[in-house]
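Structure assessment
Listed here are the chains, written in short residue letters.
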Amino acid sequence: MRRIICIIGKSGAGKDTALAELLKRNKQDIRPVVTYTTRPRRSSEADGREYYFVDDEVFAKLKEQNKIIESRTYHTFKGDWTYFTCESCFTDGQYNVMIATPEAVDKLCGYFGEEEIHVIFLTLDNKKRLLRCIDREEAQAKPDYSEVCRRYLADDRDFADEQINKYKNIYRVDTDDDISNIADKILDVIKSIG
């Protein structure tokens, strides 16, 4: 049995930080799902940890082989970036925890069935999220504030109430707290799934 937990949230809500804290606690039954992207790697990222960083040619080959469950392409100021998930990203018998978008959750529900997918929606005040995104961008070698703005505005559409409220198994966690407490809340949700 595959138990798939999708952590979703708007940019700056703390998805990467929360997942990293969960993994630091070394819960043996929690396994991170590493998906793929064609976007450039950030200076703080490692291949195979946050994503498998591949080029458009690898994406096209996997698509041709029908190995992709879901994919989405963002038209950024730096070019098209594709993110995608393959069935090989998941394992049986563990909690497969991944960061996802609502679009990805929809496709995973269609592929595995709605009962298999559990959504943890991380929330945070809009001002605090924007400040986190700006701080994160400032740490990059070449900050791109236009991309921060694009993502911030796109989140209003992608995380509209009608999109989020349709999920059968959804749990909300406010991330305006210490990371240790946030991780505890997420672990409580995971334990409740069984």
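Residues numbered from 1 in each chain as written. Predicted model: local features only at pLDDT ≥ 70, side-chain atom pairs only at ≥ 80, totals over all residues. Heavy atoms only, no water.

Details of the sheet that holds strand 4 (residues 51-53)
Strand pairing within a sheet occurs via backbone hydrogen bonds; the two strands may be parallel or antiparallel. For clarity, the threshold we go by: The criterion for strand pairing is that DSSP finds at least two bridges linking the strands in question. Secondary structure elements follow DSSP: runs of H or I of four or more residues count as helices, runs of E of two or more count as strands, with numbering from the N terminus. Orientation is described by axes fitted as lines to C-alpha atoms, over the contacting stretch for helices, and by angles from 0 to 180 degrees between their N-to-C directions.
A sheet is described by the order of its strands in space; here 4 strands give the open sequence 4-3-6-5, paired in mixed fashion. Either end of the sheet is taken by a strand with one partner, and the two such strands are strand 4 and strand 5 (68-76). Strand-to-strand, the axes of this sheet are offset by a mean angle of 25°, without reference to chain direction. Both strand 3 (residues 35-37) and strand 6 (residues 79-86) contribute to a ladder of 2 bridges, which runs antiparallel. Within the sheet, the bridge partner assigned to T37 lies in strand 6 and is Y83.

A closer look at a negative patch on the surface
Rules: Note that patches include only residues with greater than 30% relative accessible area and no salt bridge, and the join distances are 9 Å for like charges and 5 Å for nonpolar side chains (Val, Leu, Ile, Met, Phe, Trp, Tyr). Residue exposure ignores everything except the shown protein chains as possible cover, and the areas themselves are Shrake-Rupley values with a 1.4 Å probe. A pair is scored as a salt bridge if a Lys or Arg side-chain nitrogen falls within 4 Å of a carboxyl oxygen belonging to Asp or Glu. Charge counting treats Lys and Arg as positive and Asp and Glu as negative, with His and both chain ends excluded. Each charge is placed at NZ for Lys, CZ for Arg, CG for Asp and CD for Glu. Think of it in three bands: residues with accessible area under 20% of the maximum for their type are buried, residues over 50% are exposed, and the middle band is partly exposed, with areas taken using a 1.4 Å probe on protein chains only.
Side chains of D55, D56, E57 and D80 sit close together on the surface and give a patch of like negative charge. Judged by its relative accessible area of 46%, D80 falls in the partly exposed class.

Looking at the pairing of strand 8 (residues 117-123)
Where burial is concerned, most of strand 8 is hidden: 6 out of the 7 residues are buried. Relative to strand 8, strand 1 (residues 3-9) runs parallel, the two sharing 6 bridges. Residue pairing in the sheet places C6 in a bridge with V119 of strand 8. As defined by bridge partners, strand 8 adjoins strand 9 (residues 170-174) across 5 bridges and the pair is classed as parallel. What sits directly across from F121, in strand 9, is R172.

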